[in-house]
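Structure assessment
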Amino acid sequence: MNACCGPARESAATAATTTLSAPPADFAVPERRPAELLRGMVAVPGGPFLMGGEDEDAFPADGEGPVREVNLAPFHIDAACVTNARFAVFVKATGYRTEAELIGWSYVFGSFVPQEARHAVLPGTVPGAPWWRAVTGAHWRAPEGPGTSVGDRRDHPVVHMSWNDASAYARWAGKRLPTEAEWEKAARGGLVRARFPWGDELTPNGRHRCNIWQGDFPVRNTREDGFVGTAPAKAYAPNGFGLYNTSGNVWEWCADRFSADWHAEARPETRSDPAGPPHGESRVLRGGSYLCHRSYCNRYRIAARTSNTPDSTTGHGGFRCALTVRPR
C-alpha cells in the first residue's frame, strides 16, 4: 500500500520485529445452512458493468483505468464490513489469533495513541508518512495500543486485519473474499461511472455520505461527518444494492493480487469474472478510509485502488466477505 494509505509491515523503522509467513488457521469449518450463510448479505446480479475510472484527480500509477466492460456471474456480498462483534464470535469458536497479535505490533495513526500507551510506540517512523507509528500490543481488541478496547465499538468494522486474517475468517464463515471486480460492481450499487457510491458529488445538498477526514491532515480533524476514527459498519445510507460504507471508513481487502497493468489488455481472463494476476506479492485493497483527505489521498473514490502485503495490518484495515450461490 502507498505509505500515505497504510504502510507495509516491512516499512517499520525498528529492529524490534519478527516475521511470520501466515498465522495458523487449522480450525474446523462448521457446516452452515444456506439461510445462515446468506444472513447479512445482499445479492448482486450478474452481467456486464463498466469497471475502472478516468477521474481527473486519479492516480495513474495505481492502475485505476482503463474504463472497461467486465462481465460477472451473480454473487452475494456482505452488506457491511465484518464487525468487532462478528469477529469476536469467530475468535471464541476457533481460538484464532491474528497476525498483529502473533507478531506483537501493528500500525496506529499516531495521534490516536493515548498517553498511557505511549511507552508501547516503537522507535522510528514510516518514510513519507510519519503519522503512522508501530505500536506494541496494538491489535483488533486494542486498536490504539495497550489499555484501549473495542468495548463501545462492537458494531464498528474490525481493524488491524491482515489479508491472511480476513481469508481465515471468510473460510470459517463458509465464504470468501470478493474479487476486486466483484467489490467494485457491488460498491457502485448499479451506478455507471459515478465517482462515489451515491453519485458524483461528495456532499450532495451539504450532507456527508461517508467517513473521511475533514480539516487539515494530519493535524486537525473537524469531524464534520460525525467521526474521527471508525464509524459503525452501517453508518450512513446504503448504496443502490444495499451496501454500506464502500467509500471511506476502512480499507477492504480483496482476493486479487495487485498489478497496475495486468487488467489493461482486453482478454478473457481480464474481462470475464477476472480473479487478478496469477503472481504478485501484494493484495488489493479498495474503498479508502477515515484517514483519506483530498489534499493528499482521495482514494475514497469508487475507482481508486491500492495494495499491501498480505501480512500487513493497520488501524484502518478491514474486510467484508462474498459468496457464490450455486443453483440447486
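Thresholds applied
In every chain, residue numbers begin from 1 and rise along the written sequence. Reporting in this predicted model follows two pLDDT cut-offs: at least 70 for local features of residues, and 80 or more for side-chain atom pairs to be given and counted; totals over whole chains, interfaces and linings ignore these cut-offs and use all residues. Hydrogens and water are ignored here; the side-chain numbers use all heavy atoms of the structure. Put simply, DSSP marks the helices as runs of H or I at least four residues long and the strands as runs of E at least two long, and each gets a number from the N terminus on. Each residue is assigned to one of three classes by its accessible area relative to the maximum for its type, calculated with a 1.4 Å probe on protein chains only: buried under 20%, partly exposed between the two thresholds, exposed over 50%. Here, two residues are considered to be in contact whenever any of their heavy atoms come within 4.5 Å of each other. Criterion used throughout: strands pair if DSSP finds at least two bridges between them. Fitted lines through C-alpha atoms give the axes, limited to the stretch in contact for helices. The angle between two N-to-C directions lies from 0 to 180 degrees. Whenever Lys or Arg places a side-chain nitrogen within 4 Å of a carboxyl oxygen from Asp or Glu, that contact is recorded as a salt bridge. Two N or O atoms form a polar contact when they lie within 3.5 Å of each other; inside protein one atom must be a possible hydrogen donor and the other a possible acceptor, and for residues adjacent in sequence the pair counts only when both atoms belong to side chains.

Relative to the assigned elements, Ala235 resides in the loop between strand E8 (220-221) and strand E9 (251-257). Ala235 gets classed as buried once you look at its relative accessible area, which sits at 10%. Here the alpha-carbon distance between Ala235 and Asn249, two residues 14 residues apart in the chain, equals 9.2 Å. Setting aside chain neighbours within four positions, we find Ala235 in contact with Phe227, Tyr244 and Asn245.

Before going further, it helps to examine the sheet that holds strand E1 (residues 41-44). What the three strands build is an open sheet, ordered E1-E4-E13; its pairing is antiparallel. The open sheet is flanked by E1 and strand E13 (322-323), the only strands paired with a single partner. Taken together, the four bridges between E1 and strand E4 (residues 75-78) define a ladder with antiparallel strand orientation. Within E4, the position partnered with Val44 by the bridge is Phe75. Packing of helix H5 (residues 180-188) onto the sheet brings it into contact with E1, E4 and E13, and relative to E4 it is tilted by some 75°.

For the rest of this paragraph, the subject is the pattern of salt bridges. When their charged atoms lie close together, side chains carrying opposite charge are able to pair. The tally for this structure, following the rule as stated, stands at 22 salt bridges. The salt bridge involving Glu144 is made with Arg153; its shortest N-O contact spans 2.9 Å. Each member of the pair, Glu144 as well as Arg153, is classed as buried. Residue Arg188 is joined to Glu184 by a salt bridge in which the shortest nitrogen-to-oxygen separation is 3.0 Å. With Arg188 and Glu184 both in helix H5, this residue pair falls four residues apart, about one helical turn. With respect to burial, Arg188 and Glu184 carry one shared label: buried.

So, about H5. Burial of H5 is extensive: nine of the nine residues sit out of reach of the surface. Listed as buried for H5 are Glu180, Ala181, Glu182, Trp183, Glu184, Lys185, Ala186, Ala187 and Arg188. Phi for Gly189, located one or two positions after H5, is positive at around 65°.

A few words on the side chain of Asp78. Assignment of secondary structure puts Asp78 in strand E4. At 3.3 Å, the side chain of Asp78 and the side chain of Lys175 are in polar contact. Beyond its immediate sequence surroundings of up to four residues, Asp78 is in contact with Gly40, Met41, Arg86, Lys175, Leu243, Arg320 and Cys321.

Interpretation note: all reported values are geometric properties and have no functional meaning in isolation.
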